[in-house]
Amino acid sequence: MKKKSEEENKKDNTGWNAFLELRRQAQRGMLRTMQQLSADAEKVGSAEMTLDEINAEIAAARSGK
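So, how was this worked out
Residues numbered from 1 in each chain as written. Predicted model: local features only at pLDDT ≥ 70, side-chain atom pairs only at ≥ 80, totals over all residues. Heavy atoms only, no water. Helix = DSSP H or I, 4+ residues; strand = E, 2+ residues; numbered from the N terminus. Rg over C-alpha atoms; globule rule 2.2 N^0.38 Å. Buried < 20%, exposed > 50% of the residue type's maximum accessible area, 1.4 Å probe, protein only. Areas by Shrake-Rupley, 256 points an atom, 1.4 Å probe, with all protein chains shown as cover. Salt bridge = Lys/Arg side-chain N within 4 Å of Asp/Glu carboxyl O. Phe/Tyr/Trp six-rings, centres within 6.5 Å; stacked < 30°, edge-to-face > 60°. Patch = residues over 30% accessible without salt bridge, like charges linked within 9 Å, V, L, I, M, F, W, Y side chains within 5 Å.

> Break down the overall build of the protein for me, citing the residues and quoting the values.
The secondary structure content of the protein amounts to three helices and zero strands. In the protein, the order of α-helices and β-strands from amino to carboxyl end is α-α-α. Taken against the 2.2 N^0.38 rule, which gives 11 Å for 65 residues, the C-alpha radius of gyration of the protein at 23 Å runs more than 25% over that of a compact globule. Projected onto the principal axes, the alpha-carbon positions of the protein cover approximately 70 × 25 × 15 Å. Here the protein holds 65 residues, and the buried ones make up 3% of them. Here the protein displays about 6,100 Å² of accessible surface, and carbon together with sulfur accounts for 56% of that area.

Below, the structure written as C-alpha coordinates:
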(Lines give C-alpha, C1' and ligand atoms only; values in the text may rest on other atoms or scores of the structure.)
Protein backbone atom coordinates (compact mmCIF):
# COMPACT_ATOMS: atom_id res chain seq x y z
CA MET A 1 0.00 0.00 0.00
CA LYS A 2 1.33 3.40 -0.98
CA LYS A 3 2.03 5.79 1.87
CA LYS A 4 0.00 9.00 1.57
CA SER A 5 1.73 12.33 1.32
CA GLU A 6 1.20 14.95 3.97
CA GLU A 7 -0.94 16.93 1.52
CA GLU A 8 -3.18 13.89 0.89
CA ASN A 9 -3.56 13.35 4.63
CA LYS A 10 -4.60 16.98 5.09
CA LYS A 11 -7.26 16.60 2.41
CA ASP A 12 -8.54 13.38 4.02
CA ASN A 13 -8.80 15.12 7.40
CA THR A 14 -10.53 18.28 6.18
CA GLY A 15 -13.94 17.26 7.52
CA TRP A 16 -12.52 16.08 10.83
CA ASN A 17 -10.50 19.26 11.25
CA ALA A 18 -13.59 21.37 10.52
CA PHE A 19 -15.51 19.40 13.15
CA LEU A 20 -12.74 19.93 15.71
CA GLU A 21 -12.70 23.67 15.02
CA LEU A 22 -16.47 23.91 15.42
CA ARG A 23 -16.23 21.99 18.69
CA ARG A 24 -13.53 24.39 19.96
CA GLN A 25 -15.71 27.37 19.03
CA ALA A 26 -18.71 25.86 20.81
CA GLN A 27 -16.65 25.20 23.93
CA ARG A 28 -15.40 28.80 23.98
CA GLY A 29 -18.97 30.03 23.55
CA MET A 30 -20.21 27.85 26.39
CA LEU A 31 -17.42 29.06 28.65
CA ARG A 32 -18.28 32.70 27.90
CA THR A 33 -21.96 31.96 28.59
CA MET A 34 -21.17 30.31 31.93
CA GLN A 35 -18.93 33.23 32.91
CA GLN A 36 -21.69 35.69 32.05
CA LEU A 37 -24.28 33.69 34.01
CA SER A 38 -21.94 33.65 36.99
CA ALA A 39 -21.38 37.41 36.78
CA ASP A 40 -25.14 38.00 36.52
CA ALA A 41 -25.76 35.78 39.56
CA GLU A 42 -23.23 37.80 41.53
CA LYS A 43 -24.95 41.06 40.54
CA VAL A 44 -28.41 39.94 41.71
CA GLY A 45 -27.19 38.13 44.80
CA SER A 46 -28.16 34.61 43.81
CA ALA A 47 -24.61 33.28 43.54
CA GLU A 48 -24.49 32.36 47.22
CA MET A 49 -27.83 30.52 47.34
CA THR A 50 -27.84 27.05 48.87
CA LEU A 51 -29.29 24.08 47.02
CA ASP A 52 -32.29 24.14 49.41
CA GLU A 53 -32.91 27.82 48.59
CA ILE A 54 -32.67 27.14 44.87
CA ASN A 55 -35.11 24.23 45.14
CA ALA A 56 -37.50 26.38 47.17
CA GLU A 57 -37.39 29.08 44.48
CA ILE A 58 -38.10 26.48 41.78
CA ALA A 59 -41.00 25.00 43.78
CA ALA A 60 -42.48 28.47 44.35
CA ALA A 61 -42.21 29.31 40.65
CA ARG A 62 -43.87 26.03 39.68
CA SER A 63 -46.72 26.56 42.11
CA GLY A 64 -47.28 30.10 40.89
CA LYS A 65 -46.38 31.83 44.15
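> Can you break down the pattern of salt bridges residue by residue, with the values?
Any two side chains of opposite charge can pair, given that their charged atoms come close. In total, this model carries two salt bridges according to the counting rule given. One salt bridge in this structure joins Glu21 and Arg24, with 3.1 Å as the shortest N-O distance. Taken as a pair, Glu21 and Arg24 lie in helix α2 (residues 14-44) at a separation of three residues, close to a single helical turn. Since its relative accessible area comes to 39%, Arg24 is described here as partly exposed. The partner of Arg28 in a salt bridge is Glu21, and the shortest N-O contact between them spans 3.6 Å. Given a relative accessible area of 30%, Glu21 falls into the partly exposed group.

> Give me the lowdown on the packing of aromatic side chains, citing residues and values where you can.
This model, assessed by the stated rule, comprises one aromatic pair. Measuring from centroid to centroid gives 5.3 Å for Trp16 and Phe19, while their planes differ by 35 degrees, and the two rings are tilted. Note that Trp16 and Phe19 are positioned in helix α2 at a spacing of three residues, about one turn of the helix. Judged by relative accessible area, Phe19 falls into the partly exposed class, the value being 40%.

> Give me the lowdown on a nonpolar patch on the surface, citing residues and values where you can.
Taken together, the side chains of Leu51, Ile54 and Ile58 define a hydrophobic patch exposed on the protein surface, amounting to about 260 Å² of accessible area. Relative to the elements of secondary structure, Ile58 occurs in helix α3 (residues 51-63). Exposure remark for Ile58: the relative accessible area of 36% places this residue in the partly exposed category.

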